[in-house]
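What follows is each chain in one-letter form.
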Amino acid sequence: MHSIRPTRRDVLRVAAAGAAAAAVPFVHAQSSAWPAKPVQLVVPFPAGGGTDAFARPLAAQFAEQTKQQLVIDNKGGAGGTVGASIASRATPDGYNFFMGAVHHTIAPSIYAKLDYDLQKDLVPISLVARVPQVIVVNPTRIPAKDFREFLAMVKANPGKYNYASAGNGTSHHLAGELFKLQTKTFITHIPYRGAGPALQDLITGSADLMFDGLGSSAAHIKGGRIKALMVSGNTRNPALPDVPSAAEMGLPDYTVTTWYGVWAPKGTPADAQQRMAEEIRKAIQSERLKAVWAAQGAEFPNLSPQQFAGFIDAEVKRWATVVKASNVKAD
């Protein structure tokens, strides 16, 4: 009996058909099962800062929605760029994400060399929150009853007072330098590894003041541990209705906003990106997080990933202009 040997074309056809058949159920399983295990979220600052103030409530709501943990991994240092670098090199398997902030659109103009590219190595997923900056002081170190008295004290004592920031190249840093530029004052900058440690030193009296995002300061302001003197922008914030805006205090161009967003490493499966964006949107529109965001004076700009990418591009360009005008460099 003669055997019939398959041709090379027959072998390739069978192999291709088998691969296609195997791939179809795998894709559907991945999409329907995500997340099938805990998801890691790198937060590039120490615990207790503004990013944490939004990341941790988000993680709790995410767990309730998906029945899987969103594990916060704090990786502070160098104005948030250490954590961003780590996140950019994480395995792009749909289980590694990064929660950065406005600081990361400032960093390219501050640091001469970064080992990651925000717009090439990380993929925008969702803008999470946006809050105004607020000038806060330790009332025992700066016993000013209001902003005008504070400004008079600073002008009369150049170099006497210091301001703490979350690090070089952060919005806290730029907000301070912009304030000095517009008010023609001099306050010494002290960079920290994040807003959390900076706030702790402000509360204990080791630092005099901060230009902080309202998200991390709100609870301490309401608790009386620090005093708010002015919020940036043209209008008062509903969370601090008694605190005047910069425009009211004669600084109409003093507009600094802190925002927080989520990215994924380049190469992350598209279905995981989409599901993460959907879960974030669902979480922030929950009654629980609406209340948390309102208490911190935050708004949720509901942008698509594509709109968020456009927003990031505009912020990188805007801050490059501010950095150049202020002549700010990494210390």
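Our structure is the block above this text.
Residues numbered from 1 in each chain as written. Predicted model: local features only at pLDDT ≥ 70, side-chain atom pairs only at ≥ 80, totals over all residues. Heavy atoms only, no water.

*Asks:* Explain the packing of aromatic side chains residue by residue, including any values.
*Replies:* Counted under the stated rule, the structure contains 16 aromatic pairs. A centroid spacing of 4.9 Å and a plane angle of 80° characterise the contact between Phe54 and Trp293, whose relative ring orientation is edge-to-face. With Phe54 in helix 2 (residues 50-66) and Trp293 in helix 11 (residues 287-295), the pair connects residues that are 239 residues apart, well separated along the chain. By relative accessible area, Phe54 is classed as buried at 0%. A relative accessible area of 3% places Trp293 in the buried class. (Phe/Tyr/Trp six-rings, centres within 6.5 Å; stacked < 30°, edge-to-face > 60°. Helix = DSSP H or I, 4+ residues; strand = E, 2+ residues; numbered from the N terminus. Buried < 20%, exposed > 50% of the residue type's maximum accessible area, 1.4 Å probe, protein only.)

*Asks:* Any chance you could break down helix 4 (residues 103-110) for me, citing the residues and the numbers?
*Replies:* The α-helix winds at 3.6 residues per turn, so residues separated by three or four positions along the chain end up facing the same way. In terms of burial, helix 4 is a largely internal element, six of the eight residues being buried. Among all positions in helix 4, only His103, His104, Thr105, Ile106, Ala107 and Ile110 are buried.

*Asks:* Any chance you could break down the environment of Ser217 for me, citing the residues and the numbers?
*Replies:* By secondary structure assignment, the location of Ser217 is in helix 9 (residues 214-222). Taking the C-alpha atoms as reference points, Ser217 and Gly50, separated by 167 residues in sequence, lie 7.9 Å from one another. Not counting chain neighbours up to four residues away, the residues in contact with Ser217 comprise Val134, Val136, Leu199, Asp212 and Ile226. (Contact = heavy atoms within 4.5 Å.)

*Asks:* For the packing of helix 2 against helix 10 (residues 270-284), give the residues involved together with the corresponding values.
*Replies:* The geometry of helix 2 relative to helix 10 is characterised by a closest axis approach of 9 Å and an angle of 110° between their N-to-C directions. Classified by the angle their axes make, helix 2 and helix 10 are roughly perpendicular. Contacts from Leu58, Gln61, Phe62, Gln65 and Thr66 of helix 2 reach helix 10 at Met276, Glu279, Ile280, Lys282, Ala283 and Ile284. Looking at the contact of helix 2 with helix 10 residue by residue, the class counts come to six nonpolar, three polar and two charged. (Axes fitted to C-alpha atoms, helices over the stretch in contact; angles between N-to-C directions. Parallel < 35°, antiparallel > 145°, perpendicular 65-115°, else oblique. Nonpolar A, V, L, I, M, F, W, Y, C, P; charged D, E, K, R; others polar.)

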